[in-house]
Amino acid sequence: MQHPEGKADDVALLLIRARPLGQESLASWDLPSDPAAVTEARKRACDRLTEWGLEDAAFITELVVSELFTNAIRYATGPIRLRLIKDRTLTCEVSDGSSTSPHLRRARLSDEGGRGLLLVAQLTERWGTRYTPTGKTIWAEQLIQAT
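Residues numbered from 1 in each chain as written. Predicted model: local features only at pLDDT ≥ 70, side-chain atom pairs only at ≥ 80, totals over all residues. Heavy atoms only, no water.

Trainee: Explanation requested: the pattern of salt bridges in the structure shown.
Mentor: A complete count under the given rule lists nine salt bridges for this structure. Its salt-bridge partner being Arg83, residue Glu93 comes within 2.9 Å of it at the nearest N-O pair. Of the two residues, Glu93 is situated in strand 3 (residues 89–96) and Arg83 in strand 2 (residues 80–86); the sequence distance between them amounts to 10 residues. When its relative accessible area of 28% is taken as the criterion, Arg83 is described as partly exposed. Shared partners join several salt bridges into a network, and the residues in it are Arg83, Glu93 and Arg130. (Salt bridge = Lys/Arg side-chain N within 4 Å of Asp/Glu carboxyl O. Helix = DSSP H or I, 4+ residues; strand = E, 2+ residues; numbered from the N terminus. Buried < 20%, exposed > 50% of the residue type's maximum accessible area, 1.4 Å probe, protein only.)

Below, the structure written as structure tokens:
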């Protein structure tokens, strides 16, 4: 493309075609900020994976849910929301009322904690933090078999 003043200029055009997901591809639960709720979070996630025919993803999803939900209980404020999104990938999100992001670190042999997020990072395709007006959402994405 030629610039009006005769200078050459690079131009980039980005097109995005968003397609909405149906409610059958989403699951969301508000759960109490209580260690006893971790078991309920894992159960609800596994039940939904069974409904979606994704039983093969249950083991990793349980680990991800446990770690992200436990971190929210330990380091954040409520309310806590667990959300699963089934699209080309399976995304697990845990939202809480804190704006403090977790840090990936390598625990020493003598440390009692600090390995969970590293485990999530190694077992999933990608993970990250998204900030919201009321806190943050930590998400982790797994590859799934096409159905």
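Trainee: Sorry, what's going on with helix 2 (residues 58–75) here?
Mentor: Within an α-helix, residues lying three or four positions from one another point in the same direction, as the helix has 3.6 residues per turn. Look at helix 2: 25 Å from first C-alpha to last across 18 residues, which is about the 26 Å you get at 1.5 Å a residue. Listing the buried residues of helix 2 in full gives Ala58, Thr61, Val64, Val65, Ser66, Glu67, Leu68, Phe69, Asn71, Ala72 and Ile73. (Expected span 1.5 Å × (residues − 1).)

Trainee: Sorry if this is basic, but what is going on with the pairing of strand 3 here?
Mentor: Along any regular strand the residues' side chains alternate between the sheet's two faces. With eight of eight residues buried, strand 3 lies mostly within the body of the structure. The alternating pattern of strand 3 places Thr89, Thr91, Glu93 and Ser95 on one face and Leu90, Cys92, Val94 and Asp96 on the opposite face, and all of these are buried. The loop that links strand 2 with its antiparallel partner strand 3 comprises two residues. Strand direction decides the pairing type here: strand 3 and strand 5 (residues 135–143), joined by eight bridges, are antiparallel. For Ser95, the partnering residue across the bridge sits in strand 5 and is Thr137. (Pairing = 2+ DSSP bridges.)

Trainee: How do you make sense of the sheet that holds strand 2 when you look at a structure like this?
Mentor: Hydrogen bonds along the backbone pair up the strands of a sheet, which may run parallel or antiparallel. Here we have five strands laid out as an open sheet, ordered 1-2-3-5-4, and antiparallel in their pairing. One side of each edge strand has no neighbouring strand; the edge strands of this open sheet are strand 1 (26–31) and strand 4 (126–132). Sheet twist, expressed as the mean angle between neighbouring strand axes with direction ignored, is 15 degrees. Contacts between helix 2 and the sheet are confined to strand 1, strand 2, strand 3 and strand 5, with strand 3 contributing the most and set at about 15 degrees to the helix. (Axes fitted to C-alpha atoms, helices over the stretch in contact; angles between N-to-C directions. Contact = heavy atoms within 4.5 Å.)

Trainee: How should the packing of helix 1 (residues 37–51) against helix 2 be read in this particular structure?
Mentor: Between helix 1 and helix 2, the least distance of the axes is 9 Å, while the angle of their chain directions is 145 degrees. In this structure, the crossing between helix 1 and helix 2 has a hand that is right-handed. Contact residues: helix 1 offers Ala37, Val38, Ala41, Arg42, Ala45, Cys46 and Leu49, while helix 2 offers Ala58, Thr61, Glu62, Val65, Ser66, Phe69, Thr70 and Ile73. The residue makeup of the contact of helix 1 with helix 2, split by class, is 10 nonpolar, three polar and two charged. (Left-handed = near helix turned anticlockwise from the far one by under 90°. Nonpolar A, V, L, I, M, F, W, Y, C, P; charged D, E, K, R; others polar.)

Trainee: Quick question: what am I supposed to make of the nonpolar core here?
Mentor: Considering soluble globular proteins, one finds that nonpolar side chains tend to be buried as a cluster. Residues Leu49, Trp52, Phe69, Leu82, Leu84 and Val94 are the most contacted members of the largest nonpolar core, which totals 30 residues. Listing elements by their share of this core, those giving two or more residues are strand 1, helix 1, helix 2, strand 2, strand 3, helix 3 (116–123) and strand 5. Per-element accounting of this core gives the leading share, seven residues, to helix 2. (Core = buried A, V, L, I, M, F, W, Y, C linked by side-chain atoms within 4.5 Å.)

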